[in-house]
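Architecture and fold: a report
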Amino acid sequence: MIFVKSFDNKTLILNLNPNTTTFETLKLQIERDLGIPLSLQRIFLNPRRLIGDESTLIAELGVRSNSALTLHLPLFGGMQAPVPPKPRLEFLNTKPPPNYVAGLGRGATGFTTRSDIGPARAAPDLPDRSATTIGGAAAPGGIGRGRGKGGAEEEEEDDGDEKGYDENQKFDEFEGNDVGLFASAEYDEDDKEADAVWEAIDKRMDSRRKDRREARLKQEIEKYRASNPKITEQFADLKRKLCTLSAQEWDSIPEIGDYSLRNKKRRFESFVPVPDTLLEKARQEQEHVTALDPRSRAAGGTETPWAQTPVTDLTAVGEGRGTVLSLKLDRLSDSVSGLTVVDPKGYLTDLKSMKITSDAEISDIKKARLLLKSVTQTNPKHPPGWIAAARLEEVAGKIQAARQLIHKGCEECPKNEDVWLEACRLASPDEAKAVISKGVKAIPNSVKLWMQAAKLEHDDVNKSRVLRKGLELIPDSVRLWKAVVELANEEDARLLLQRAVECCPLHVELWLALARLETYDNAKKVLNKAREKLSKEPAIWITAAKLEEANGNTAMVGKIIERGIRALQREGLEIDREVWMKEAEAAERAGSVATCQAIVRNTIGIGVEEEDRKRTWVADAEECKKRGSIETARAIYAHALTVFLTKKSIWLKAAQLEKSHGTRESLDALLRKAVTYRPQAEVLWLMGAKEKWLAGDVPAARAILQEAYAAIPNSEEIWLAAFKLEFENHEPERARMLLAKARERGGTERVWMKSAIVERELGNTGEERRLLGEGLKLFPSFFKLWLMLGQLEERLGDFEKAKEAYDSGLKHCPSCISLWLSLSHLEEQMNGLSKARAVLTMARKKNPQNPELWLAAVRAESRHGNKKEADILMAKALQECPTSGILWAASIEMVPRPQRKTKSLDALKKCDHDPHVIAAVAKLFWLDRKVDKARTWLNRAVTLAPDIGDFWALYYKFELQHGSDENQKDVLRRCVAAEPKHGEKWQVISKAVENSHLPSEAILKKAVVAIGKEESVAESIKG
């Protein structure tokens, strides 16, 4: 690739290879792209011109890939060649060009400037002027060019001509008033070509801005749609939830109906008195005539004459219509002979919840009664029809009619157990036993009827007698055997189960129940017999393993499970790993830990690929841990560690499990085993030492750290752990010696910092300053050493040296916020607010979008009573850091109390899950005496950020004021378990020299006292 810079400062990129391109090829390519002839090309490489033969490779002339060449054009001097004279045109005899005005070129027309009245006069023949001919006379009544003006009335008419433009002309935003300048000009080919060029340029410019314009338009549309959502979008979440509705819920939705006023026409009901003639006619139609008609008497009364009066008995007509309707229903209900197409089963469920509340429902019951009557008449052997008819009468409140119908059903369908059960249900308590007795006589093999008969008895003896009577007729009913065993005592139950397994040898639950009731030896015999009958049943092998474990033979448990799995595989049964893992958890819940471990060992690897074993086993153990199956999870980890002996992650997870749910002895044994296989894992050594230290065995912890140092001699973590052990157990000399050795062996900046901390606690100011100085020479970019040096000088009262230390630290660590904050506090003490303000402004310039610096500036203004300045700074801070929780929390506390609710809502919209905002909202609930809500929000804050001690102090203070002793102890226990290390007030207290060895509980109580003092000071300032 070669770059060529042309004479108009444009760069031409040529995709040419200098090693294969000749000088002539280069020139031809330039001529093709730029249109410059070969003879005019002068090519330069830096200050040197390229001169060579046409066949010379440009690489030989010094051109390389990505070289930049310069193209020049020569400027030739001399005179221009004489131009032949053009033939003189006889323009006087030719037609003038369009818009030609004589004398216009030499300025023979008047003009006005734009500053006076607008655009200058461009042409005398504007479109809206009176029609004139080019260079000719004006129309009658007009005034020719160059003539004098007419009368006064003509001056007003030609006022527009004098101005040179039309005042009523429409103003164009792009061209101004010059839009009519070329209005009457002819549109020729040049104009067309110019328009095409400009159109191409516009398209090109438009394409360059297209992506940006479309992105901006899309953003505006999204913003508009977010602020003005459609109705469909507002209800989109509710519409998505419709998929969870059941069919019953859909059916329970009422119809909307038509509630529009335009369809509600007021109906006027008019009542008129009935005429007496109509009443008399109705009376005559209803009465029965017993006398013979005179014409019938004329015939002797034995025959009916031909023209007899028609029958007017309406009662007979109504009965006839009912008969016709019943016939139609019968015909419709039985489209096939003997098979009903009416589904009476629907009534079995619908009639249960039916309530009669209106005349319409009574009418529905009448219709249903008519339909079901047709069903039972056309197909009397259909049991659901009788049941539905009886339940309909029951719903209608006619219990006696229901009993009669179901009695007829029992007579028509004596072999259907559902009809007998319904009859038993509808019968009175005194008659129920008689009904069920008839049922079991009609259907002696019905298990349901025998179970119902047993339920009707009130004492266990009679129930057992009924069930045994049923077993005489149905000896292979597992349901009856279970029921009778549940009613018997242990000895009788064992005898019954022995008979039950003989009658039902293929039911595993009976075998297992018998094995549980037998002695150890007899149970083994029972299980062996069960295994012979049910060779593919895993529960038998698992029960055998549990039996051995219960009798102390734990060595046999693993063998039984292993032998059982092999036997099941021989029988062709597929071993489902998930099912066996559930069996292991069930064994754990039953107290059979050895059985659980044996199942895990023998089934955990079935169906798992070799490369997926570690991931799958760890996931299984975590799931078991979540479900509370600790022994199962422990067994999975134990098996995994036999396969992956050197995997540190599995050892750590197993250790965490033991730490959470095991004993100190089990954890110590596991860690001892872990460091045996992974001696280079620092975290395992440190965990073991810490557990010993927490147990109070400091010498054992020292011994573990010594072994760890022997295994990993250059581990800084082990050195620091040994230092912490000695330092926290008030052995400063031992700690000092350890750190001195660590420094000799080339310790890192942390070693120097810990050394200075030891000297600070011992009060050796000179030694502390010396260590900090040496450490800063080795590690000048470690901000904590600069911070400690400045704090040392502040404690000694030498503010100038402290300022120098902070300034030096900021030169090496300009992005350290702690140094900026410490310097601003120091400047505020020394020189007042203005200097501190300058420091914080500089800090924000070097560290933009940092909420801590903004918050420090706001608090500095507030401390000096500049509330207005503090509000302005807070507004700017929220603009720059809109998602900062600490800024929103401070903003909520700054505003007046009536505005805090609105401000908290804005804060929750910006940062819903920030613990600082949640704690601020909890304070609002606390002030409003909404104790339960305040407790909930404080609990949420400490759950989101358990490492921030300020939230624990606030929570504990709240419980001290509003909670019970149990709640206070719970908060205290959770805080000690969380071991918080951060927090604005927490760090000030915990890092003080006098509090360096205090436990978390003591620091928490001191933090509560500090919060109380701060609140009292704030209230006194407001008061």
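This write-up is about the structure you can find in this document. (Residues numbered from 1 in each chain as written. Predicted model: local features only at pLDDT ≥ 70, side-chain atom pairs only at ≥ 80, totals over all residues. Heavy atoms only, no water.)

1. Remarks on the overall build of the protein
For clarity, the cut-off: In DSSP terms, a helix is any run of H or I states spanning at least four residues, a strand is any run of E spanning at least two, and both are numbered starting from the N terminus. For each residue, the accessible area found with a 1.4 Å probe, counting protein chains only, is set against the maximum for its type, and the residue is called buried under 20%, exposed over 50%, and partly exposed in between. It only takes one pair of heavy atoms within 4.5 Å for two residues to be counted as in contact. The accessible surface values rely on the Shrake-Rupley method and a 1.4 Å probe; as for residues, cover is taken only from the protein chains in view.
Each helix and strand counted, the protein has 52 helices and five strands in total. Here the protein holds 1023 residues, and 33% of them are scored as buried. Within the protein, contacts between residues separated by at least 24 positions form 53% of all contacts whose residues are at least 6 apart in sequence. Accessible area for the protein stands at about 65,000 Å²; split by element, carbon and sulfur atoms hold 53% of it.

2. A short note on the pairing of strand E2 (residues 11–14)
Operational definition: Strand pairing is assigned whenever DSSP detects at least two bridges linking the two strands.
Because side chains alternate across E2, one face comprises the buried residues Leu 12 and Leu 14, and the other comprises Thr 11 and Ile 13, none of which is buried. As paired elements, strand E1 (residues 2–5) and E2 share four bridges and run antiparallel to each other. Across the sheet, Ile 2 pairs through a bridge with Leu 14, a residue of E2. A loop of five residues connects E1 with E2, the two strands running antiparallel in sequence, and Asn 9 in this loop sits at a positive phi of about 65°.

3. Let's talk about the packing of aromatic side chains
Ring pairs (aromatic) are described by centroid distance and by the angle formed between their planes. We count it as follows: Stacked, tilted and edge-to-face are the three classes assigned to paired rings of Phe, Tyr and Trp, where Trp is represented by its six-membered ring and a pair needs centres within 6.5 Å; plane angles under 30 degrees give stacked, over 60 edge-to-face, the rest tilted. Look at NZ for Lys and CZ for Arg. If either is within 6 Å of the ring centre and within 35 degrees of the ring normal, a charge sits over the ring.
Applying the stated rule across the entire model yields five aromatic pairs. Aromatic side chains Phe 925 and Trp 937 sit 5.9 Å apart centroid to centroid with 50° between the ring planes, which places their arrangement in the tilted category. A residue pair is termed long-range when its members are at least 10 positions apart, and Phe 925 in helix H47 (residues 915–927) and Trp 937 in helix H48 (residues 931–944) qualify at 12 residues. Here the aromatic rings of Trp 926 and Phe 958 are separated by 5.3 Å at their centres, their planes lie at 90°, and the arrangement is edge-to-face. A residue pair is termed long-range when its members are at least 10 positions apart, and Trp 926 in helix H47 and Phe 958 in helix H49 (residues 949–962) qualify at 32 residues. Judged on exposure class, the residue Trp 926 and its partner Phe 958 are both buried. In this structure, Arg 844 packs its charged tip against the face of Trp 854, placed 4.4 Å from the ring centre.

4. With respect to the nonpolar core
To keep things clear, this is the line we draw: Within this scheme, the nonpolar core is defined by two criteria: the residues are buried Ala, Val, Leu, Ile, Met, Phe, Trp, Tyr or Cys, and they are joined through side-chain atoms within 4.5 Å.
The biggest cluster of nonpolar side chains holds 112 residues, and the ones touching the most others in it are Trp 481 and Ile 636. For this core, the element with the highest residue contribution is helix H30 (residues 630–643), accounting for seven residues. Apart from the residues within four sequence positions on either side, Trp 481 is in contact with Leu 471, Pro 475, Leu 496, Arg 499, Ala 500, Cys 503 and Cys 504. Counting residues in each nonpolar core, the second largest holds 82 residues, with Cys 813, Ala 907, Ala 920 and Phe 958 among its members.

5. Examining the packing of H30 against helix H31 (residues 648–661)
For clarity, the threshold we go by: Each axis is a line fitted through C-alpha atoms, taken for helices only over the stretch in contact, and angles between the N-to-C directions span 0 to 180 degrees. Roughly parallel means an angle under 35 degrees; roughly antiparallel means over 145; roughly perpendicular covers 65 to 115; every other angle is labelled oblique. Each helix crossing is assigned a hand: it is left-handed if the near helix lies turned anticlockwise from the far helix by less than a right angle, otherwise right-handed if that turn is clockwise.
The geometry of H30 relative to H31 is characterised by a closest axis approach of 10 Å and an angle of 155° between their N-to-C directions. Here H31 runs roughly antiparallel to H30, going by the angle between their axes. Of the two elements, H30 crosses H31, and the hand of that crossing is left-handed. Two secondary-structure elements touch here, H30 through Ile 630, Ala 633, Arg 634, Tyr 637, Ala 640 and Leu 641 and H31 through Ile 650, Trp 651, Lys 653, Ala 654, Leu 657, Glu 658 and His 661.

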